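Okay, here's what each chain looks like letter by letter:
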There are 2 protein chains.
Amino acid sequence: MSDTIKYLLPESDIPKDWYNIVADLPEPPPPVLHPGTHEPVGPDDLAPLFPMALIMQEVSAERYLEIPGPVRDIYKQWRPSPLFRARRLEKALDTPAKIYYKYEGVSPAGSHKPNTAVAQAFYNAEEGIKKITTETGAGQWGSSMAFAGAFFDLEVQVFMVKVSYQQKPYRRALMESYGASCIASPSDTTQSGRAILEQDPNSPGSLGIAISEAVELAAQRDDTKYSLGSVLNHVLVHQSIIGQEALKQMEMAGDYPDVVVGCAGGGSNFAGIAFPFIGEQLRGGQSIRAVAVEPAACPSLTRGQYAYDFGDTGNLTPLTKMHTLGSSFMPPGFHAGGLRYHGMAPMVSHTKELGLLEAVAYHQTPCFEAAVTFARSEGIIPAPESSHAVKGAVEEAMRCKREGKSETILFNLSGHGHFDMAAYTDYFSGSLEDKNYDEQSLSDALAKLPPVAAS
Amino acid sequence: MSDTIKYLLPESDIPKDWYNIVADLPEPPPPVLHPGTHEPVGPDDLAPLFPMALIMQEVSAERYLEIPGPVRDIYKQWRPSPLFRARRLEKALDTPAKIYYKYEGVSPAGSHKPNTAVAQAFYNAEEGIKKITTETGAGQWGSSMAFAGAFFDLEVQVFMVKVSYQQKPYRRALMESYGASCIASPSDTTQSGRAILEQDPNSPGSLGIAISEAVELAAQRDDTKYSLGSVLNHVLVHQSIIGQEALKQMEMAGDYPDVVVGCAGGGSNFAGIAFPFIGEQLRGGQSIRAVAVEPAACPSLTRGQYAYDFGDTGNLTPLTKMHTLGSSFMPPGFHAGGLRYHGMAPMVSHTKELGLLEAVAYHQTPCFEAAVTFARSEGIIPAPESSHAVKGAVEEAMRCKREGKSETILFNLSGHGHFDMAAYTDYFSGSLEDKNYDEQSLSDALAKLPPVAAS
């Protein structure tokens, strides 16, 4: 039998609609609250930050939302993305499990993020917006928004967490190549940034701080909106294209997953692959176990509190109910750059509370170990973020081996590691060892919870 | 009309055979000569360096050479590669020309190089070889051989040109992730390396030196062979898969190129896209212009001498007739890392002498300018090497605009620039300016020609 098994859909099979899990959940998610009044927000409250089309998607309860033609057109550059059977990895692990992975690193920006970036750029351009502000951690999101902005002649300004800005000059160069500007956060260009710098001129920054800066700028101008790369419902909806394609591809393979695995930072790539399968289950289809894998150093789903909290450090955003480590949580400077957000997507949190998914956390060294095993078997270098999904899938496969079960495991390889090879260098030199990860500081921070409002 | 036009063949359309242009050329290429006797070499003379299957391909005059099943199987991971119509680039240039590009950056190692690396690894493994030595400049080839070696349990040792080894730690990390070892060249592990270091302890290295080191090691052991990523006939034959797929894809598009463009260092990606089209022409099909684009700082085809020369600096290899800058030529440390070889593939040189192709050279700054225009239009960041092909295609499109012609231009985008973003950073900061390029030194070196043997 052939060792390379790739399931590739024809271009005509790019889904025509995104999938919205809200329509199938047994109860609706808790409302989003206004930070001042603590009353549920309406669409108008969000209008300074987002175009109305995205706000309507954010609050939609429709099961399917049509993908606009120009968005599908750009998707065609790299979609449908391939789904592979990882036969060489199965052999390397000597497991009876069947392992499949959906590979989102085929996008020009190298991850799943363009799935929503292109959609967000489209809706902003449709409503006459000229400029988008956003934040980025490791850089996957900022690169993707820069990529998407170039297609719609949008000016894109990215606030990049300072420690990543310094460690990952390649990501910055990528954003600039696409025509975006990239500023280290905290910066002195915003009030939120200056407030942080006054307290700590050497602040390494955090996603929460960068979000405050981007939100502040967007709120000041009518022709400028803010864009978020994860967490929000409309982002998760856009990412559903991953799981919808995977459903068709598993059918091509004549198989169906027992377990669906994704890494989780803000939650969008995990939701992207898992929600369409959970939706099938909720509508009476086959049951699956959905497993979200997060870093032990930023464990919102496994150790955070389920409570109302701000999305940013400056407390400018509305309050959402989610698993959170507290909006002032400052994660250590470890390598899984994209998985360093203090909170979890409210819809992922709600789905977990409903008992529809599990969460697990791993340290980064065993994740890199799994990633190298994967690279030597399957030929693809996972992003440090995605290495958590690889580790999750490998653990499931090893469990199958112990239990003598030939279960089917599907995971999302959300991106490649081409811009993060310094992390691999550290791993090989032995200097990784969960650098800067300090269980005591993490426990102290968690003990201080709840600093969260309206919970 | 849709702006994203991708022509993707089904997996079953991966060619079953490689194409060998020798069968169609009006006269055979000049023989390869033994460095001692200056007599034509036979297969046995090459046996210490290469497995017999590759030697037989090297000297074959058959038009089609069957692709082994296991090689096609691995090709399936990323092949057939997509061919795009660059409509956004056409609009940005406001040209009546139709521009298509074949994109080889979809391979896991990020370039066309795995097309031959996988084939070479297969034939070596088939003949019981345990270890492969090779050289790499910018790192595309070394990464690809490391990638291919992992599939066949081959130990891979890469001599990487020292200046690149220092400038491109990400490439080294990639090779190590695939399980290969990577040594800066010149090194003290070989006689050739030590000889260079004695003369110049700070030698930045060159491809010619790195080849000498890899060849020396391979010649010493029966279980070790040498592998070259370009230049040789069998490498060009393996790369023909690019052009063979492109022929089918242009048919899907209902179009046929007037001009086929590729960048040329050793010549393999250029030959890969161009030879199948030149072959059609030689067999009575439609005529094309084939344009090889090389860097002004290493202009073997446009300014070198067509003469017998060594493939390496240590003069360990057989003599081949090719366009050469002299085997001791030391190119400046400019960024198009993969295009720094002193010679050109003998088959490309011969085909040029037969009047079947043209060559042109560009400085690197205008190549990066074209690459950034391309990235902002098409969303893909070209490798610095490939930026020469982009520049070549843009120049042809601008000529069409001046002449009011709607010609069809096809170019090979041989790889992405993810591991070379430092070059883009230099470009944006204005510090690129053909750094280290010195017309006087180049002219002096050329004036000293011929230092070449048996010409």
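Please refer to the structure higher up on the page.
Remember, predicted model here, so these are calculated numbers, not experimental data.

**Here's the deal with the overall build of chain A**
Regarding its fold elements, chain A presents 18 helices and 15 strands. Its C-alpha atoms give chain A a radius of gyration of 20 Å, within 12% of the compact-globule value 23 Å for 455 residues. Per-residue burial for chain A yields a buried fraction of 67% across its 455 residues. Excluding contacts between residues fewer than 6 apart, the proportion of contacts in chain A whose partners are at least 24 apart in sequence is 77%. On chain A, roughly 14,500 Å² of surface is accessible, and the fraction owed to carbon and sulfur atoms is 48%.

**So, the packing of aromatic side chains**
Going through the model one piece at a time under the given rule, you end up with 35 aromatic pairs over all chains. With a centroid separation of 5.7 Å and an interplanar angle of 25 degrees, the aromatic rings of Y101 of chain B and F411 of chain B are classed as stacked. Of this pair, Y101 of chain B sits in strand β5 (residues 98-103) while F411 of chain B sits in strand β15 (residues 408-413), placing them 310 residues apart in sequence. In this structure, Y101 of chain B and F411 of chain B share a single accessibility class: buried. Clustering of aromatic rings is evident, with ring pairs tying together Y75, W78, F147, F151 and Y178 of chain A. We note K391 of chain A situated over the ring of Y362 of chain A; from NZ or CZ to the ring centre the distance is 5.5 Å. Of note, R172 of chain B hangs over the ring of Y165 of chain B, and the distance from its end group to the ring centre comes to 4.0 Å.

**Some details on the pattern of salt bridges**
All names here are of chain A. One pass over the structure, following the stated rule, counts 43 salt bridges over all chains. The shortest N-O distance in the salt bridge between R85 and E90 comes to 2.6 Å. Among the residues examined, E90 registers a relative accessible area of 8% and is labelled buried. A salt bridge links R399 to E396, with the nearest nitrogen and oxygen atoms 2.8 Å apart. On the criterion of helical spacing, the pair formed by R399 and E396 is a turn pair, its members being 3 residues apart in helix α16 (residues 384-403). Judged by relative accessible area, which is 15%, R399 ranks as buried. Judged by its relative accessible area of 10%, E396 is buried. Bridged by salt links that share partners, the residues R289, E358, E396, R399, E403, K405 and E407 form one connected network.

**Here we look at the interface of chain B and chain A**
The interface of chain B with chain A comprises 45 residues on the first partner and 45 residues on the second. Carbon and sulfur atoms supply 55% of the area buried between chain B and chain A, which totals about 3,600 Å² over both sides. Our count for the chain B to chain A interface comes out at 0 salt bridges. The tally of links between chain B and chain A comes to 17 residue pairs in polar contact (both at pLDDT 80 or more). Grouping the amino acids of the side of chain B that touches chain A by side-chain chemistry returns 23 nonpolar, 11 polar and 11 charged.

**Looking at the sheet that holds strand β5 (residues 98-103) of chain A**
Residues and elements named next belong to chain A. The strand order across the open sheet formed by 7 strands is β1-β4-β5-β15-β10-β11-β14, and the pairing between neighbours is mixed. Edge positions in the open sheet fall to β1 (4-7) and β14 (358-362), since each of these has one partner strand only. Direction aside, the axes of adjacent strands within the sheet are offset by 25 degrees on average. Looking at chain direction, strand β4 (residues 83-86) and β5 are connected through 3 bridges and run antiparallel. Looking across to β5, one finds that R85 is bridged to Y100. The sheet contacts of helix α12 (residues 268-282) involve β5, β10 (259-263), β11 (289-295) and β15 (408-413), and relative to β10 the element is tilted by about 160 degrees. Packing of α16 onto the sheet brings it into contact with β5, β10, β11, β14 and β15, and relative to β10 it is tilted by some 150 degrees.

**Topic: the relation of the copies chain B and chain A**
Once chain B has been moved 0.0 Å along the axis and rotated by 180 degrees, it coincides with chain A to within an RMSD of 0.0 Å. Overall, the copies show the geometry of a two-fold rotation axis. If distances are taken from each C-alpha of chain B to the rotation axis, the shortest is found for H418 of chain B, at 3.0 Å. Taken as a fraction of all interface residues of chain B, those also at the interface in chain A reach 100%, which identifies the copy contact as same-surface.

**Some thoughts on the packing of helix α11 (residues 233-252) of chain A against α12 of chain A**
How two helices pack is summed up by the angle between their axes together with the distance between the axes. All names here are of chain A. It is at 7 Å that the axes of α11 and α12 come closest, and there the two elements cross at 55 degrees. One finds that α11 runs oblique with respect to α12. Crossing of α11 over α12 shows right-handed handedness. Here V235, L236, Q239, S240, I242, G243, Q244, A246, L247 and M250 of α11 lie close against α12, whose contacting residues are S268, A271, G272, I273, F275, P276, F277 and E280. Its residues assigned to classes, the contact of α11 with α12 comprises 11 nonpolar, 6 polar and 1 charged.

**Quick word on the nonpolar core**
In this structure, W18, Y75 and V348 of chain A together with W18, Y75 and V348 of chain B are the most contacted members of the largest nonpolar core, which totals 168 residues. Excluding its chain neighbours within four sequence positions, the residues that come into contact with V348 of chain B are L236, G267, F270, A271, F275, L301 and L357 of chain B.

**With respect to the pairing of strand β6 (residues 131-136) of chain B**
All names here are of chain B. Across the 6 residues that make up β6, a large majority, 6, are buried. By the alternation rule, side chains of β6 split into K131, T133 and E135 and I132, T134 and T136, which are all buried. Across 6 bridges, β6 lies against strand β7 (residues 155-161) in parallel orientation. Bridge assignment links K131 to a residue of β7, and that residue is E155. The β-α-β motif built from β6, the intervening helix α6 (residues 140-151) and the parallel element β7 has right-handed crossover chirality. For β6 and strand β9 (residues 224-226), the ladder comprises 3 bridges, and the chain directions are parallel. By the bridge assignment, K131 is partnered in β9 with T224.

Definitions and cut-offs
The written sequence of each chain sets the order in which its residues are numbered from 1. To label them, take the chains in the order written and letter them from A, then take the ligands in the order written and number them from 1. A pLDDT threshold of at least 70 governs which residues receive local features in this predicted model, and a stricter bar of 80 or more applies before side-chain atom pairs are shown or counted, although totals over entire chains, interfaces and linings include all residues. Excluded from the side-chain calculation are hydrogens and water; included are all heavy atoms of the structure. Every helix listed is a DSSP run of H or I at least four residues long, and every strand listed is a run of E at least two residues long, numbered separately from the N terminus. For the radius of gyration, the atom set is restricted to C-alpha positions; the globular benchmark scales as 2.2 Å times the number of residues to the power 0.38. Each residue's exposure class comes from its accessible area (1.4 Å probe, protein chains only) as a fraction of the maximum for that residue type: buried when under 20%, exposed when over 50%, partly exposed otherwise. Only heavy atoms matter for contacts: two residues are in contact if any of them lie within 4.5 Å across the pair. The protein chains shown are the only cover counted for residues, whose accessible areas, like all others here, come from Shrake-Rupley with a 1.4 Å probe. Note on aromatic contacts: the rings of Phe and Tyr and the six-membered ring of Trp form a pair at centre separations within 6.5 Å, being stacked when their planes are under 30 degrees apart, edge-to-face when over 60 apart, and tilted otherwise. We call a charge positioned over a ring when the NZ of a Lys or the CZ of an Arg lies within 6 Å of the ring centre and within 35 degrees of the ring normal. Whenever Lys or Arg places a side-chain nitrogen within 4 Å of a carboxyl oxygen from Asp or Glu, that contact is recorded as a salt bridge. A simple way to read buried area is as the amount of 1.4 Å-probe accessible surface that goes missing from two parts once joined, with both sides added. Polar contact criterion, stated in full: a pair of N or O atoms within 3.5 Å, where within protein one must be able to donate a hydrogen and the other to accept it, and residues adjacent in sequence count only if both atoms are side-chain atoms. Three categories are distinguished: nonpolar for Ala, Val, Leu, Ile, Met, Phe, Trp, Tyr, Cys and Pro, charged for Asp, Glu, Lys and Arg, and polar for the others, with Gly belonging to the last. Here, strands pair whenever DSSP counts at least two bridges between them. Axes here mean lines fitted to C-alpha atoms, for a helix over just the part in contact, with angles spanning 0 to 180 degrees between N-to-C directions. To superpose the copies, least squares is applied to the C-alpha atoms of every residue with a pLDDT of at least 70 in both. An angle below 35 degrees is treated as roughly parallel, one above 145 as roughly antiparallel, one from 65 to 115 as roughly perpendicular, and anything else as oblique. Note on convention: the crossing is left-handed when the near helix lies turned anticlockwise from the far helix by less than a right angle, right-handed when the turn is clockwise. In this description, a nonpolar core means a group of buried Ala, Val, Leu, Ile, Met, Phe, Trp, Tyr and Cys residues linked to one another through side-chain atoms lying within 4.5 Å. With its strands directed away from the observer, a crossover is right-handed exactly when the path from the first strand over the helix to the second travels clockwise.

The analysis is restricted to geometry; functional conclusions fall outside its scope.
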